[in-house]
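As a plain string of letters, each chain reads:
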Amino acid sequence: MKKKNNVLKWALTIFMLIVGVICITPFIFMVSSSFKVSGEVMKFPWHLIPESPTIQNFIGLFTNGIYNFQKWYANTIVMTGLTIIIKVFFVSFTAYGFAKINFKGKDAIFLVLLSAMMIPSDIMILPRYIIFKDLHILDTMWALILPSCVDVYFVFLLRQSFISIPESISEAAKIDGCGHMKIFWRIIFPLSKPAIATMALFSFTWSWNDYTGPYLYISTMDKQMLSVGIKLFSSGLTQDYGAQMASATIVLIPIMIAFLFCQRFFIEGVASSGVKG
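Report on the accompanying structure. What you are looking at is a predicted structure, and each value in this text was computed from that prediction instead of being measured.

Cut-off values and rules
Residues numbered from 1 in each chain as written. Predicted model: local features only at pLDDT ≥ 70, side-chain atom pairs only at ≥ 80, totals over all residues. Heavy atoms only, no water. Helix = DSSP H or I, 4+ residues; strand = E, 2+ residues; numbered from the N terminus. Rg over C-alpha atoms; globule rule 2.2 N^0.38 Å. Buried < 20%, exposed > 50% of the residue type's maximum accessible area, 1.4 Å probe, protein only. Contact = heavy atoms within 4.5 Å. Areas by Shrake-Rupley, 256 points an atom, 1.4 Å probe, with all protein chains shown as cover. Lys, Arg positive; Asp, Glu negative; His and termini not counted. Charge placed at Lys NZ, Arg CZ, Asp CG, Glu CD. Salt bridge = Lys/Arg side-chain N within 4 Å of Asp/Glu carboxyl O. Axes fitted to C-alpha atoms, helices over the stretch in contact; angles between N-to-C directions. Parallel < 35°, antiparallel > 145°, perpendicular 65-115°, else oblique. Left-handed = near helix turned anticlockwise from the far one by under 90°. Nonpolar A, V, L, I, M, F, W, Y, C, P; charged D, E, K, R; others polar. Core = buried A, V, L, I, M, F, W, Y, C linked by side-chain atoms within 4.5 Å. Arc of directions from axis to C-beta. Patch = residues over 30% accessible without salt bridge, like charges linked within 9 Å, V, L, I, M, F, W, Y side chains within 5 Å.

Turning our attention to the overall build of the chain. Broken down by element type, the chain carries 14 helices and 0 strands. Its helices and strands taken in sequence order, the chain reads α-α-α-α-α-α-α-α-α-α-α-α-α-α from the N to the C terminus. Computed over the C-alpha atoms, the radius of gyration of the chain is 24 Å, more than 25% above the 19 Å expected from 2.2 N^0.38 for a compact globule of 277 residues. In terms of its C-alpha atoms, the chain occupies a principal-axis envelope of roughly 70 × 70 × 35 Å. Scored against the burial criterion, the 277 residues of the chain give a buried share of 36%. A fraction of 71% describes how many contacts in the chain between residues 6 or more apart in sequence connect residues 24 or more apart. Looking at the chain as shown, the accessible area adds up to about 16700 Å², and 71% of this sits on carbon and sulfur atoms. Between the averaged position of the 22 positive side-chain charges in the chain and that of its 14 negative side-chain charges there is a distance of 10 Å.

Shown next as C-alpha cells:
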C-alpha cells in the first residue's frame, strides 16, 4: 500500500511538472525573443538561447522617435497608482459600512449591490462612453480610473474580512470614546491588511493590463497606456516582433515584483475573506 502511494505521488509530481513547464513556456519564449532580432523570433526550429543576442530591442523602445514608450509607461504608472489609492479608500469604507454599521435596509441594499455583479461589463461600454463624454473626461486617464474604483466584488471580499473581526473589539473601542473613523483606521484597517493587499494586488494587475478601456476612451497617443502601445509595434505591414517581446517583458516586470512582495498577503487575504457569510 505504501509503495502504491509513493508511485501515485511520483506520478502526480511528474504530471504537475509537465503542466508547469507548459504554462511557463510562453513566458520563456517572450523573454528569449526579446533578445533576438525580429527575423529570428519566428524562425523554425525555435532556439531557447538566441543565436545572436542583442539588447537593441530594449534600447530602441526608449530611443524610437515614432513611439513614446517612456511616456506610456509613466501614464500607466500614474493611472494604476491613483486607481489603487482611490479604490482602497472607497471600497474599504463601503465594506466597513456593510460589515460593522447597522442601518435600516442594509441587507436589501447589499443584495442589490451584489446583483450588479451579474451585469456583463461589455453592455456598459456605450453608456460609459456617453457619460464620460458629458462629463468631459474622454481622452483623460480619469475615464479609466473612475470605473475601476467602483468594484462590488472587492466590497464583498472586504466585508467578509471585516465581519470575521470580533465585534467585541469594536465595542471596546466605542466604550473608550472612539467613533467609526477611529475604529476603522486604528483597528479594522490594520487587522485586514491581508484582504486589502489582495485587493490592491488584483487591482494593480487589472488596471496595468487593461486594454479595452484605453483603446476606447483614450485617443491621443501621448496619453495612451502600455497595453495599447505595445499593440502598435505589430500594426501595419511590418511586424517588429523583437520590440514587441522586449516591451512585453518590461511591462511584466512590475507585476512580477508586486506578486512576489504581496504573495503572503494574497494567500492570507483569500483565506480570510471566506470565514463567514
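Apart from glycine, the bulk of residues carry a negative phi angle, and the bulk of peptide bonds sit in the trans form. In the Ramachandran plot, His136 falls in the positive-phi region, its phi being about 60° despite a non-glycine side chain. Here His136 falls in the exposed class, since its relative accessible area comes to 70%. Positioned with a positive phi, Asp139 is a non-glycine residue whose angle comes to about 65°. Along the chain, Asp139 turns up in the loop between helix H6 (125–134) and helix H7 (142–149).

Before going further, it helps to spend a moment on helix H10 (residues 180–191). The set of residues buried in H10 consists of Ile183, Phe184, Ile187, Ile188 and Phe189. As for H10, its buried residues are in contact with helix H4 (69–100), helix H8 (152–163), helix H9 (167–175) and helix H11 (193–209).

Here we come to the pattern of salt bridges. This model, assessed by the stated rule, comprises 3 salt bridges. A salt bridge links Lys87 to Asp151; the nearest nitrogen and oxygen atoms lie 3.1 Å apart. With Lys87 in helix H4 and Asp151 in the loop between H7 and H8, this pair connects stretches of sequence that are 64 residues apart. Taking relative accessible area as the criterion, Lys87 reaches 3% and is therefore assigned buried. Residue Asp139 is joined to Lys223 by a salt bridge in which the shortest nitrogen-to-oxygen separation is 3.9 Å.

Assignment of secondary structure puts Leu158 in helix H8. The exposure class of Leu158 is buried, given its relative accessible area of 0%. Measuring from C-alpha to C-alpha, the distance between Leu158 and Lys231 comes to 35 Å, with 73 residues separating the pair along the chain. Apart from the residues within four sequence positions on either side, Leu158 is in contact with Val91, Ser92, Ala95, Ala195, Ile196 and Met199.

Turning our eyes to something else, we now look at the packing of H4 against H8. Interhelical geometry of H4 versus H8 gives an angle of 50° and a closest axis separation of 8 Å. Accordingly, the angle class assigned to the pair H4 and H8 is oblique. Pair H4 / H8 crosses with right-handed handedness. Here H4 contributes Lys87, Val91, Ser92, Thr94, Ala95, Tyr96, Phe98, Ala99 and Lys100 to the contact with H8, which in turn contributes Phe154, Val155, Leu158, Arg159, Phe162 and Ile163. Residues belonging to the contact of H4 with H8 are distributed by class as follows: 10 nonpolar, 2 polar and 3 charged.

Along the polypeptide, Thr83 turns up in helix H4. Look past the residues within four positions of Thr83 in its chain and what remains in contact with it is Ile145, Ser148, Cys149 and Ser207.

Here the focus is the nonpolar core. By size, the foremost hydrophobic cluster in this structure holds 41 residues, and its most contacted members are Leu61, Phe69, Leu158, Phe162, Ile188, Trp208 and Leu226. Of all the secondary structure elements, the ones that give two or more residues to this core are helix H3 (56–63), H4, H8, H10, H11, helix H13 (226–231) and helix H14 (241–272). Tallying contributions element by element places H4 first for this core, with 10 residues. When near neighbours in sequence (up to four residues on either side) are disregarded, Phe162 contacts Ser92, Ala95, Tyr96, Ala99, Lys100, Phe184, Ile188 and Ser192.

Turning to H3, its buried residues number three or more, namely Asn57, Phe58 and Leu61. Here the buried residues of H3 occupy an arc of 105° about the axis, which is enough to place them on one side.

Once that is clear, we can look at a nonpolar patch on the surface. A cluster of nonpolar residues, Ile24, Phe27, Ile28, Trp46, Leu48, Ile49 and Met256, forms a patch on the protein surface that exposes about 630 Å² of accessible area. Per-element accounting of the nonpolar patch gives the leading share, 3 residues, to helix H1 (residues 2–33).

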